[in-house]
Amino acid sequence: MLKQRVVTALVLLPIVLAVILALPTPWFAPVAGLVFLGGAWEWCALAGVRTMALRVAYIGAVAALFVLCWAIRGNGSWAFVLGLGVAWWVACCFWLRQFSFAAAPNAENTWLKAAIGVLVVVTTWVALVSIHGGGPNGHYWTLLSLVIVWAADTGAYFTGRFFGRRKLAPTISPGKTWAGVYGALVAGAAVAVGGGWLLGVHDARVAGMAILGLLVVGASVIGDLFESLLKRHAQVKDSGTLFPGHGGLLDRMDSIFAALPVFAAGKLLLGL
């Protein structure tokens, strides 16, 4: 499984790098939007939306919100959207603690989870595009935000594998351990500081980058757990089968959905 995951990642990495680094933001935004719509499609399936017509309408609503958000960009409107995204993931911590929603799906829970999916997908798209378009180094800040999450995933995998004993949330995701979380925090903070340094953060804000890295990794763990909860409710192992060894789009984006709004908001607060 590890070999298959590595091969898939090596195939996808050049494509991701080309899209992030080569495309100007007005072109990057719709490309990212298409990827996010794929994630939204898998999300509504996990939420329990069964009919094709309702799924198409769901994707259409998300796409319309992308267009609306692009049209109202500027004048602090995106900062408000980012705030909504961060607020949701803070609330999600309490949600996971209480293990809300019975495992058996029902109509009320389906549409509540579907609505949360709209909020998550739209606010993360806004975060991604705002980072990408945020100044001459926006492309590289975008790459850094993703590398933090990737480094955290790698750190979590190896520390969890070799040192994992105490389970993080056994009723939601039995494979995750506290050792994995600690490894993710160390890796993510180190990449945030190193990446910030390469992008010119050499003053007192270096400490801010370390804190931001920790917060981003913490959010990524919450995002991962929430998707695991959705899959447990839906009684599936993966959100899809698009990527060999990785599952579906949502399986690759769950951590990013939570991490990017936190990164974008932190970047604004640090004045970067």
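A brief look at the structure comes next. (Residues numbered from 1 in each chain as written. Predicted model: local features only at pLDDT ≥ 70, side-chain atom pairs only at ≥ 80, totals over all residues. Heavy atoms only, no water.)

1. With respect to the pattern of salt bridges
Phase 1 of the analysis: A complete count under the given rule lists three salt bridges for this structure.
Phase 2 of the analysis: The shortest N-O distance in the salt bridge between Lys176 and Asp224 comes to 3.4 Å. Here the residue Lys176 occupies a position in strand S2 (residues 173-177), and Asp224 occupies one in helix H8 (residues 205-234), the gap between them amounting to 48 residues.
Phase 3 of the analysis: Residue Arg205 pairs with Asp203 through a salt bridge whose shortest N-O separation is 3.2 Å.
Phase 4 of the analysis: Classification of Arg205 by relative accessible area gives partly exposed; the value is 27%.
Phase 5 of the analysis: Of the residues examined, Asp203 reaches a relative accessible area of 38% and is grouped as partly exposed. (Salt bridge = Lys/Arg side-chain N within 4 Å of Asp/Glu carboxyl O. Helix = DSSP H or I, 4+ residues; strand = E, 2+ residues; numbered from the N terminus. Buried < 20%, exposed > 50% of the residue type's maximum accessible area, 1.4 Å probe, protein only.)

2. As for the packing of helix H6 (residues 138-163) against helix H9 (residues 249-269)
Geometrically, a packed helix pair is captured by the angle between its two axes and the distance between the axes.
Phase 1 of the analysis: Here H6 crosses H9 at 130 degrees, and the two axes come no closer than 10 Å. For the element pair H6 / H9, the angle class is oblique. Two packed elements cross with a definite hand, and for H6 against H9 that hand is right-handed. Residues Trp141, Leu144, Ser145, Leu146, Ile148, Val149, Trp150 and Asp153 of H6 touch H9, and the partners they reach there are Ser255, Ile256, Ala259, Leu260, Phe263 and Lys267.
Phase 2 of the analysis: Of the residues that constitute the contact of H6 with H9, the class distribution is 10 nonpolar, two polar and two charged. (Axes fitted to C-alpha atoms, helices over the stretch in contact; angles between N-to-C directions. Parallel < 35°, antiparallel > 145°, perpendicular 65-115°, else oblique. Left-handed = near helix turned anticlockwise from the far one by under 90°. Contact = heavy atoms within 4.5 Å. Nonpolar A, V, L, I, M, F, W, Y, C, P; charged D, E, K, R; others polar.)

3. Comments concerning the packing of aromatic side chains
Phase 1 of the analysis: In the structure shown here, the tally under the stated rule is 12 aromatic pairs.
Phase 2 of the analysis: With centroids separated by 6.3 Å and ring planes inclined at 85 degrees, the aromatic side chains of Trp89 and Phe226 adopt a geometry described as edge-to-face. Taken together, the positions of Trp89 in helix H4 (residues 77-98) and Phe226 in helix H8 put the pair 137 residues apart, joining distant regions of the chain. Phe226 matches Trp89 in its accessibility class, with the two residues each being buried.
Phase 3 of the analysis: Consider the rings of Tyr157 and Phe158, whose centres lie 5.0 Å apart with planes at 90 degrees: the pair is edge-to-face.
Phase 4 of the analysis: The partly exposed category is assigned to Tyr157, whose relative accessible area is 36%.
Phase 5 of the analysis: A relative accessible area of 38% places Phe158 in the partly exposed class.
Phase 6 of the analysis: Members of the aromatic cluster, connected to one another through ring pairs, are Phe36, Trp43, Trp88, Trp89, Phe226 and Phe257.
Phase 7 of the analysis: One cation-aromatic arrangement involves Arg73 over Trp70; the distance from NZ or CZ to the ring centre is 3.9 Å. (Phe/Tyr/Trp six-rings, centres within 6.5 Å; stacked < 30°, edge-to-face > 60°. Lys NZ or Arg CZ within 6 Å of the ring centre and 35° of its normal.)

4. Description of helix H7 (residues 178-198)
Phase 1 of the analysis: In this model, H7 (21 residues) spans 30 Å end to end at C-alpha, consistent with the 30 Å of a helix rising 1.5 Å per residue.
Phase 2 of the analysis: Within the span of H7, buried status applies to Ala179, Gly180, Val181, Gly183, Ala184, Ala187, Gly188, Ala189, Ala192, Gly195 and Gly196.
Phase 3 of the analysis: Those residues of H7 hidden inside the fold are in contact with H6, strand S1 (167-169), S2 and H8.
Phase 4 of the analysis: One or two positions beyond H7, positive phi appears at Gly200, with a value near 95 degrees. (Expected span 1.5 Å × (residues − 1).)

Note that every value here comes from positions in space, so none of it alone points to a role or purpose.
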